[in-house]
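Residues per chain are reported as follows:
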Amino acid sequence: VQLVESGGGLVQPGGSRRLSCAASGFTFSNYAMSWYRQAPGKEREPVASITSAGTSTNYVDSVKGRFTISRDNAKNTVYLQMNSLKPEDTAVYYCRGVVRGIIYWGKGTLVTVSS
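For clarity, every value in this text was computed on a predicted model and none was experimentally measured.

(A) The arrangement of the side chain of Glu-5 in detail. Counting through the fold element by element, Glu-5 comes out in strand S1 (residues 2–6). Arg-44 is the oppositely charged side chain nearest to the buried, salt-bridge-free Glu-5, at an N-O distance of 7.4 Å. Here the side chain of Glu-5 touches Cys-95 through a polar contact of 2.8 Å, landing on its backbone nitrogen. There is a polar contact of 2.9 Å between the side chain of Glu-5 and the backbone nitrogen of Gly-108.

Here it is, written out as structure tokens:
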């Protein structure tokens, strides 16, 4: 199982960014996926999750209405569209999957929100 995030970078407050997570090594369409983030000096926290078919999503309150998780099962990829970014969104963003009871993480991609 491999999860590879991309799309991080520096963005101004109020800006947007789309993160991608390319998955391989398992039947992607069978498993729910999620995004987590870890800000400097803080614990890793869940941000958003999506069911295997993409029919249901969940978000932490702090990103509701601003972030959208989606997936393309044909491309084995899960996305996180982030809009109206705030400095407090600065963090390393991780893709997470639980496959056959084992938790897998990507290496993360850094998003810095700053002017």
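(B) The packing of aromatic side chains, seen in detail. Within the structure shown, the criterion is met by 4 aromatic pairs. For the ring pair Phe-26 and Tyr-31, a centre distance of 5.8 Å and an interplane angle of 65 degrees mean the geometry is edge-to-face. The two residues Phe-26 and Tyr-31 agree in class, both being buried. Through a chain of ring-to-ring contacts, three or more aromatic side chains come together here, namely Phe-26, Phe-28 and Tyr-31. A cation over an aromatic ring shows up here: Arg-44 above the ring of Trp-105, its NZ or CZ 4.5 Å from the ring centre.

(C) Examining the environment of Val-99 more closely. If you trace the backbone, Val-99 turns up in strand S9 (residues 91–99). Ignoring sequence-local partners within four residues, the contact set of Val-99 consists of Val-1, Phe-26, Tyr-31 and Tyr-104.

(D) Structural context of the state of the cysteines. What the rule picks out here adds up to 1 disulfide. Here Cys-21 is linked by a disulfide to Cys-95, with a sulfur-sulfur distance of 2.1 Å. For the disulfide bridge between Cys-21 and Cys-95, the dihedral angle about the S-S bond is near -80 degrees, and by the sign convention the bridge is left-handed. A residue pair is termed long-range when its members are at least 10 positions apart, and Cys-21 in strand S3 (residues 17–24) and Cys-95 in strand S9 qualify at 74 residues. Cys-21 sits in the buried class, given a relative accessible area of 0%.

(E) Representation of the side chain of Arg-66. Along the chain, the position of Arg-66 falls in the loop between strand S6 (57–59) and strand S7 (67–72). Within the local environment of Arg-66, its side chain forms a polar contact with the side chain of Asp-89, the two groups lying 2.7 Å apart. Setting aside residues up to four positions removed in sequence, Arg-66 forms contacts with Gln-81, Met-82, Asn-83, Ser-84, Leu-85, Lys-86 and Asp-89.

Scoring rules and cut-offs
Counting restarts for each chain, with residues numbered from 1 along the sequence as it is written. Only residues with pLDDT of at least 70 are given local features in this predicted model, and only at 80 or more are side-chain atom pairs given and counted; all residues enter the totals for whole chains, interfaces and linings. Values reported for side chains reflect all heavy atoms of the structure, with hydrogen atoms and water molecules removed beforehand. Only DSSP runs of H or I covering at least 4 residues are called helices, and only runs of E covering at least 2 are called strands; the numbering of each starts at the N terminus. Exposure is judged per residue with a 1.4 Å probe applied to protein chains only, and the accessible area is read against the type maximum: over 50% gives exposed, under 20% gives buried, and values in between give partly exposed. By the counting rule applied here, Lys and Arg register as positive and Asp and Glu as negative, while His and the ends of each chain are not counted. Should a side-chain nitrogen of Lys or Arg be within 4 Å of a carboxyl oxygen of Asp or Glu, the pair is scored as a salt bridge. Polar contact is the term for a pair of N or O atoms within 3.5 Å; when the atoms are in protein, one must be able to donate a hydrogen and the other to accept it, and sequence-neighboring residues count only if both atoms are side-chain atoms. Working definition: rings of Phe, Tyr and Trp (its six-membered ring) pair if their centres are within 6.5 Å, and the pair is stacked with planes under 30 degrees apart, edge-to-face with planes over 60 apart, and tilted otherwise. Whether a charge sits over a ring depends on NZ of Lys or CZ of Arg being within 6 Å of the ring centre and within 35 degrees of the ring normal. Working rule for contacts: check all heavy atoms of both residues, and any pair within 4.5 Å makes them a contact. Pairs of cysteine sulfur atoms within 2.5 Å are identified as disulfides in what follows.

Purely geometric stuff here, so don't read any function into it on its own.
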